[in-house]
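# Coordinate analysis (summary)
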Amino acid sequence: MRNSNTFHERLVVRWSWVGLAVTLFASTAQALDPNRAVSDYLRNRWEAQQGFSGGTVYAIAQTPDGYLWLGTENGLVRFDGLNFLPFNQTNSAVLPSGPVIDLLTDADGNLWIRPLSRDLLRYRDGQFQDVMPELDSARSGITAMCRGTNGQALFAVLSNGTFSYSNGRFSKLISSSGLPNILIISMAQTADGKIWTGTRDAGLFFISNGQRSPVPWDLPDRKINSLLAVENELWIGTDMGLVRWNGNEITRPGVPASFSNKQVLSMTSDREANIWVGMSNGMLRLNKAGLTSSESDTASLGDVNAIFEDREGNLWLGNRYGIERLRDTAFITYSASRDSSSTGGGIVYVDNESRHWFAPAEGGLYWKKGTEVGDVKNDKLDQDVVYAITGARGELWLGRRRGGLTHLIYRDGSFTTRTYTEADGLAGNRIYSVYLSRDGSVWAGSLGGGVSRLRNGKLTTFTIADGLGSNAVNSILETTDGTMQFATTDGLTTLSQGAWKTYKSANGLPPGSVNCLAEGAGGTLWIGTDYGIAFLDSDHIEVPRNLPAALHEPILGIAEDRNWGLWISTSRHILRVNRNRLLSGSLSESDVREFGIADGLLSIEGVKRDRSVIGDPRGRIWISTYRGVSVVDPTQVTNNLVPSLVHIAGVTVDGSSIDPKGLMRVPGGTQKITFSYAGLSLSVPERVRFRYKLDGFDTDWSEPVASREAVYTNLPPGPYRFHVIASNSAGLWNGLESSVQFQIEPKLWQTAWFRLAVLLTVLLITLALYRARLRRLTQQMNLRFEERLAERTRIAQDLHDTLLQGFLSASMQLHVAADQMPADAPGKPLVSRVLALMSKVIEEGRKTVSGLRSPVSSDDLEKSFAGVQQELAVQTERDFRVIVEGTPRKLHPVIRDEAYRIGREALVNAARHSQATKIEVELEYSARELRIIVRDNGKGIDSQVLRVGKDGHWGLAGMRERADAIGARLKVWSRTGAGTEVELVIPGRIAFDGDRTSRRLTWLDRFFGRKNQNGYRGKDERPD
C-alpha cells in the first residue's frame, strides 16, 4: 500500500488454500513463536518518491525531544515521522557542506555530529556549535565516537588520543603516542569499563587503566568496521564477517553460510536483547539462542549502513536508498488467499492441546501444531465450507455449509469422522453454529430448520413451535448458570430448565438479527446485533450508554481478554473496549482503541461467522476478518505506554515566520496567526491526535484533531499563551504539553492613551456643542424675558393711563355726587360702599402696576421676602427668618419677579394654611444656580393633594407653571404632620443677569482648578 508519506510493505504469511496450503503453512512455523522472523515486522520505507532527498544514509540517532536525526550523503536531516527537514548552510551556517557519517546522543541530551570532514559539532537547544577548537586545536580530525556505559560521549582524535565528554567538559583518557599511522574507525565500551577501539588496518585494541593494548585474538580481518558492547560481551564486525568475544574466547555465532563472509557495516541491540547486524546486502537478527532470522534482499535493503532502535522500540535501517522502519506489532496476520478478492478469512479454533484449526472461506479444514501442519479430507471436508468449529480433547464438531454436522476424532495423526444430516433427524444440512455443552450434548443451529441437540446418539430438534425465536440460528452459548443461549435472526432465545424465553426489541434489545454471543467475567452475557451491542444482566437487556458510533454498527464477534478488555469485530472496525467502563456507561475516548492496517491487520472488516472472535488457552485473541485471520497478545497492546512528545515547531504571522522562543511580540493589526506543531510518536505518526487551547481566547481545550496546525484570526491586542498536547499512536494522552507565550501589540488607535484622547476629544466637542446650545437657549430665553418685560411695561402703562385713570375719574365724580346728596338720602350708604370698593380696586391696581414696573435691585428678593411678614400680618410669635448664603447676584428682572411670586405663594401657603410656628426662607447664590427654599414646621400637605392638587385651589399648580415657564425646577416635600419644604432651583445661566465681568464657575473650571472672580472654587470654599 502506498500513501503520501510512506510505502507500507507488510510481509505476511499467505495461505493458498487450494493445492499449496500445507507447503505454505509449513513455512510459517516460526510465526507464532516468541522469536519472530524479520519478515513478520511491519515495514515502512522512505525513499526519494516519499519525500526523502538525503541519498545514502550513514547514521541514525534520536534526541530526547523525540526527533529522529539522519546523517546522509547530502548532510544532516531531521525527521518527525511525517516530514523531513534538512539542515545545511542555508539555515545553519556552522554546518559544513558534504556528508554526515556519524551521529551520537549522550546522557546530557547533546547530539554529536561528525561530518566527512572529521570536524565535530554539538547540537543542543536548537543551536549548532563547532567544538573542534576546544577538543582538537590542531584540527587533526575526529575518526570515531561512541556512547559510554554511563552515557558519556567518547571520541577518538586522530593525533591527540581518546577523550570523553560529560558534565559539560572534555577529559583526555589516553594520548595517541605509540600508535603512529593507526586510524581508529570504531569504538565501544563494555560494562567492565574497557574501551575497545577498532582500526582500519591494525586490528582491535582496548584501553584499560590508562593503557592501550592490542588483542591477541585471531580475527577474520584486521579492518574493524563496527563494535557493539552488550554487558561484558563484544560483537566485532569486519569485512569478512561477524565474531563475538564472550569474555573468554572468540566465537562465531550461528550465521548462515551465505552471510559468514559478508562485510559487517552496523550493529545494535534492542530491548529484547536481540542483536541486529547490518551487512552488505543483508541483515541478521541473533540472540543468545543463536540466529533468529535473516534477510538478504539486494533490491530492497542494499548495504545496511546504520541500525537504530528508537524510544518506542521501532527499528530504523539506513541504506543507499533512504530509511526503513521495522515495527513489531501485537498482531500476526494470515491472509486467506493470494487473491485480494477473497471473500473472507473464515474461522479459527484453538483446542486445549494448542493445535490451531483453520477453516478458510474458500473451503477446507487445516491444522497446525508446532512445526506440524496438515489438512483434513475425510467426508469431503476439503470440498465443503466449514461454518463452525467446537470440540474437546481429541475431537471436533464441525458445522458445514452443505454437509450437516460432522464429528471429527483425531489421535496419533489419524482422523475418523461421523456425519449427521437431515436424513438422521438433523434440523438441516446447513449448520451455521455448533456448541458442546457441559453435559456432553452437542447443539447444532441451522440456517432455517431450527436447532438440534445430539445427546447419547439421539437427535432432538427445536423450532419456533417449541419456543425458539427464529429457525435461523447464528450462534449458541451455554452460560455458567447452565442456561442455553441462542442468537437468532429474530432476537435472543434462552432455554433454562425446559423453559423457553425470547428477548426482542420490545424487551430493550436493538432491532434486527442477533449475530454473536460471549460470556464475560461475572456472568455478563454480551450480545452482538445488527444495530450495536447489548448485554443481559439479571434477566434484563441493557444497551450501554455513551457508545461511540462504531458500536452502533453490526457486531460480528465478541471476546473478553484477561485484562478486562472486550475485543469487538464490527462490519467496519476492530476494537478493544474497557469492559467495566462499557458496563457502567462511562466510556471515554481513551477507553476505546481502534486497530487497523498499521497494526498488522490486512482488513478491518469482520466476517459474519459463529464466534469469529475467540480467546485461546494462552490468553491470545483470534480475530477473523475479510482478508485473513489475525492473532494478538493483549498484553502487548496494553503495555504500549510510551507517550508522544509534542513540540511547537513554528509560528507564522500573516505568512511571516517568527521565532517561537521566549515572549513573542506580534505587531498590531495581525489578521492570521498560525501555530505549527508536531507530536513525536514514530510508530504510527498518522494516528497522533492533538488538543490545543489559547489562553485569553479559548475557554477549553479543542476537540482531538489530526491537523498539525492551529489558526487564529483577528485576535485583539493583549497577552496570550498557546498550549498543545498530543496522544500517541495508541490513543494515550501523556498530559505533558508544549506552550508558547506571545503579546499582540496594539495599533495606534488600539492604545489606551489614544482611546482616552479620543474620549476626551469627544467629551470636549460634546461640551462645546452643549455650551453653544446653552448660549443659544439663554439668548432665546433672554430675548423672551425682554419681550415679556416690555409687554409688562406696556400693560402697566395701559393700566395706568386707561383703567386706573378711568376708575379715578369715576371715583371723583361719585365723590362729588355723594357730597351733594343729603345725609339722610336712601342711596348715600350704597354710594359710600361703592366708593370704598373703588378705592380698594384703585389701590390694588396701583400695586399691580407697581409690580409690573418694579425696580431691579440685587437685594430686592431678600427685602421682598422679609416684607411679606408685614404684608401678610404674620404673627410676631411666629419665628420668621430670611437667610442668604453666598454673594447675592444681579438677577434678570423677569426671573426675579417670577421667583418672588413663587416664593411669596409658598410663604402665603405657610402663613395661612400650615399653622406653623416657624417659617424660614433660604436664598442660596452659587456660580451654577439660584436656590430658594421655603420651610415650615406646620401640619404639612396630604400626599394626595400634593400629587393632584385641591379643587378650587391653584397655588401649587401656579407655582409649577411659573417654574416651568422660566426653565427652573420646583420640588415640594411634605408629609402630614411633618411640615413642608418648597425648593426652587434656577440655573445660573438663566437667573443671573449678563454681567460679563463675573465669570461663572463650570465643571471644567473645577477640573482645571480655576477660580471665579471672588476667588472661590465652589460652595464648599465660600467664606462664612
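### Notes on the overall build of the protein chain
Helix and strand content of the protein chain: 12 helices and 71 strands. Relative to all contacts within the protein chain whose residues are 6 or more apart in sequence, the contacts with residues 24 or more apart total 54%. Entry remark: accessible area of the protein chain is about 47800 Å², with carbon and sulfur atoms responsible for 49%.

### Quick notes on unusual backbone geometry
For Asn209, which is not glycine, the phi torsion reads 55° and is therefore positive. Looking at the secondary structure, you find Asn209 in the loop between strand E18 (204-208) and strand E19 (211-214). Judged by relative accessible area, which is 76%, Asn209 ranks as exposed. With phi around 50°, Asp379 is a residue other than glycine that occupies positive phi space.

### So, the environment of Leu680
As for its position among the elements, Leu680 is in strand E62 (residues 672-680). When residues no more than four places from it in sequence are discounted, the contact partners of Leu680 are Asp65, Gly66, Tyr67, Asp80, Arg311, Glu312, Pro643, Ser644, Leu645 and His647.

### So, the pairing of strand E12 (residues 142-147)
E12 sits mainly inside the fold: 5 of its 6 residues count as buried. One ladder, built from 5 bridges, connects E12 with strand E13 (residues 153-157); its direction is antiparallel. Bridge pairing in E13 places Ile142 opposite Val157.

### Topic: the pattern of salt bridges
Overall, the coordinates contain 36 salt bridges when judged by the stated rule. Arg962 serves as the salt-bridge partner of Glu898, at 2.8 Å between the closest nitrogen and oxygen. Linking Glu898 in helix H8 (residues 893-913) with Arg962 in helix H10 (residues 955-965), this pair joins segments that are 64 residues apart in sequence. By relative accessible area, which is 6% here, Glu898 ends up buried.

### With respect to H8
Since the α-helix packs 3.6 residues into each turn, any two residues three or four apart lie on the same face. Here H8 is 21 residues long and its end C-alpha atoms lie 29 Å apart, about the 30 Å a rise of 1.5 Å per residue gives. For H8, the buried fraction is high: 15 of the 21 residues fall into the buried class. Following H8 by one or two positions, Gln915 adopts a phi angle in the positive range, close to 55°.

### Some remarks on the side chain of Asp80
Relative to the helices and strands, Asp80 is located in the loop between strand E6 (75-79) and strand E7 (84-87). This buried residue, Asp80, is left without a salt bridge; Arg708 holds the nearest opposite charge, at 4.3 Å. Within the structure, the side chain of Asp80 is placed 2.7 Å from the backbone nitrogen of Asn83, a separation counted as a polar contact. Not counting the four nearest positions on each side in its chain, Asp80 is found in contact with Tyr67, Ala678, Leu680, Leu682 and Arg708.

### What about the packing of aromatic side chains?
Following the criterion strictly, the structure yields 47 aromatic pairs and no others. Consider the rings of Tyr720 and Phe742, whose centres lie 5.3 Å apart with planes at 15°: the pair is stacked. On the criterion of sequence distance, the pair formed by Tyr720 in strand E65 (residues 718-726) and Phe742 in strand E66 (residues 738-744) is long-range, its members being 22 residues apart. Taken individually, Tyr720 and Phe742 each receive the classification buried, so the pair is uniform in this respect. Grouping aromatic residues by their ring pairs yields a cluster made of Phe675, Tyr677, Phe690, Tyr692, Phe697, Tyr712, Tyr720, Phe722 and Phe742. One cation-aromatic arrangement involves Arg78 over Tyr67; the distance from NZ or CZ to the ring centre is 3.9 Å. Sitting over the ring of Trp733, Arg691 keeps its end group 4.4 Å from the ring centre.

### Focus: the nonpolar core
Judged by nonpolar contacts, the single largest core of 37 residues is most densely connected at Leu861, Phe865, Leu907, Leu930, Ile932, Leu984 and Ile986. Counting 31 residues, the second largest nonpolar core, distinct from the first, contains Leu68, Val100, Phe308 and Ala678.

### Concerning the side chain of Lys693
Residue position: Lys693 is located in strand E63 (residues 690-695). For the buried residue Lys693, which engages in no salt bridge, the nearest side chain bearing the opposite charge is Asp695, 4.1 Å off.

### Some words on the sheet that holds strand E64 (residues 709-713)
Across the sheet, which stays open at both edges, the 4 strands sit in the order E60-E59-E62-E64 with antiparallel pairing between neighbours. Here the strands that pair on one side only, and so sit at the sheet edges, are strand E60 (656-658) and E64. Strand after strand, the sheet turns through a mean of 30° between neighbouring axes, direction not considered. Here strand E59 (residues 645-653) pairs with E62 via 8 bridges, running antiparallel. Following the sheet pairing, Ile648 is matched in E62 by Tyr677.

### Notes on the sheet that holds strand E51 (residues 540-542)
Working definition: the strands of a sheet are paired by backbone hydrogen bonds and lie parallel or antiparallel to each other. Here we have 4 strands laid out as an open sheet, ordered E48-E49-E50-E51, and antiparallel in their pairing. Across the chains shown, the open sheet's two edge strands, defined by having one partner strand only, are strand E48 (514-519) and E51. Sheet twist, expressed as the mean angle between neighbouring strand axes with direction ignored, is 25°. As paired elements, strand E50 (residues 532-537) and E51 share 3 bridges and run antiparallel to each other. If you follow Leu536 over to E51, its bridge partner there is Ile541.

### What to know about H10
Within H10, the full set of buried residues consists of Gly955, Leu956, Met959 and Ala963. The buried residues of H10 all sit within an arc of 100° when viewed along its axis, so they share a single face. Turned more than 90 degrees off the buried face of H10, the exposed positions are Glu961 and Asp964. Backbone geometry just after H10 places Gly967 at a positive phi near 75°.

### Some words on a nonpolar patch on the surface
Judged by side-chain polarity, Leu756, Leu759, Leu760 and Leu763 come together as a nonpolar surface patch covering roughly 370 Å² of accessible area. Within the element layout of this structure, Leu763 appears in helix H5 (residues 752-820).

### Some details on the packing of H8 against H10
For the pair H8 and H10, the least separation of the axes is 10 Å and the interaxial angle reads 160°. By the angle between their directions, the pair H8 and H10 is classed as roughly antiparallel. In the packing of H8 onto H10, the handedness of the crossing is left-handed. Here Glu898, Arg901, Ile902, Glu905, Ala906 and Asn909 of H8 lie close against H10, whose contacting residues are Gly955, Met959, Arg962 and Ala963.

### A closer look at the environment of Ile142
Topologically, Ile142 is positioned in strand E12. Sequence separation between Ile142 and Ala156 is 14 residues; the distance between their C-alpha atoms is 5.9 Å. Among residues more than four places away in sequence, those in contact with Ile142 are Arg114, Arg118, Asp119, Leu120, Met132, Leu135, Phe155, Ala156 and Val157.

### Details of the pairing of strand E38 (residues 405-411)
The buried count for E38 comes to 5 of 7 residues, which makes it a mostly enclosed element. Strand direction decides the pairing type here: strand E37 (residues 395-400) and E38, joined by 5 bridges, are antiparallel. Pairing of Gly399 across the sheet is with Leu405, part of E38. In sequence, E37 turns back onto E38 through a hairpin of 4 residues, with Gly404 there showing a positive phi of about 80°.

### Points about the environment of Met279
Its place among the elements puts Met279 in strand E25 (residues 275-279). The class for Met279 is buried, based on a relative accessible area of 0%. Considering only alpha carbons, one finds Met279 and Gly241, 38 residues apart in sequence, at a separation of 8.7 Å. The contact partners of Met279, leaving out residues within four places of it in the chain, are Phe259, Lys262, Gln263, Val264, Leu265, Leu284, Gly302, Asp303 and Val304.

### What about the confidence of the model for the protein chain?
For the protein chain, the average pLDDT comes to 84, and 87% of its residues sit at 70 or higher. Of the regions scoring below 50 in pLDDT, residues 854-859 engages in 10 contacts with residues more than four places distant in sequence or in other chains. Note that pLDDT drops below 50 for residues 995-1024; the model gives that stretch 42 contacts with residues more than four away or on any other chain.

So, how was this worked out
Residues numbered from 1 in each chain as written. Predicted model: local features only at pLDDT ≥ 70, side-chain atom pairs only at ≥ 80, totals over all residues. Heavy atoms only, no water. Helix = DSSP H or I, 4+ residues; strand = E, 2+ residues; numbered from the N terminus. Contact = heavy atoms within 4.5 Å. Areas by Shrake-Rupley, 256 points an atom, 1.4 Å probe, with all protein chains shown as cover. Buried < 20%, exposed > 50% of the residue type's maximum accessible area, 1.4 Å probe, protein only. Pairing = 2+ DSSP bridges. Salt bridge = Lys/Arg side-chain N within 4 Å of Asp/Glu carboxyl O. Expected span 1.5 Å × (residues − 1). Lys, Arg positive; Asp, Glu negative; His and termini not counted. Polar contact = N/O pair within 3.5 Å; in protein donor to acceptor, adjacent residues only side chain to side chain. Phe/Tyr/Trp six-rings, centres within 6.5 Å; stacked < 30°, edge-to-face > 60°. Lys NZ or Arg CZ within 6 Å of the ring centre and 35° of its normal. Core = buried A, V, L, I, M, F, W, Y, C linked by side-chain atoms within 4.5 Å. Axes fitted to C-alpha atoms, helices over the stretch in contact; angles between N-to-C directions. Arc of directions from axis to C-beta. Patch = residues over 30% accessible without salt bridge, like charges linked within 9 Å, V, L, I, M, F, W, Y side chains within 5 Å. Parallel < 35°, antiparallel > 145°, perpendicular 65-115°, else oblique. Left-handed = near helix turned anticlockwise from the far one by under 90°. pLDDT = per-residue confidence, 0-100.

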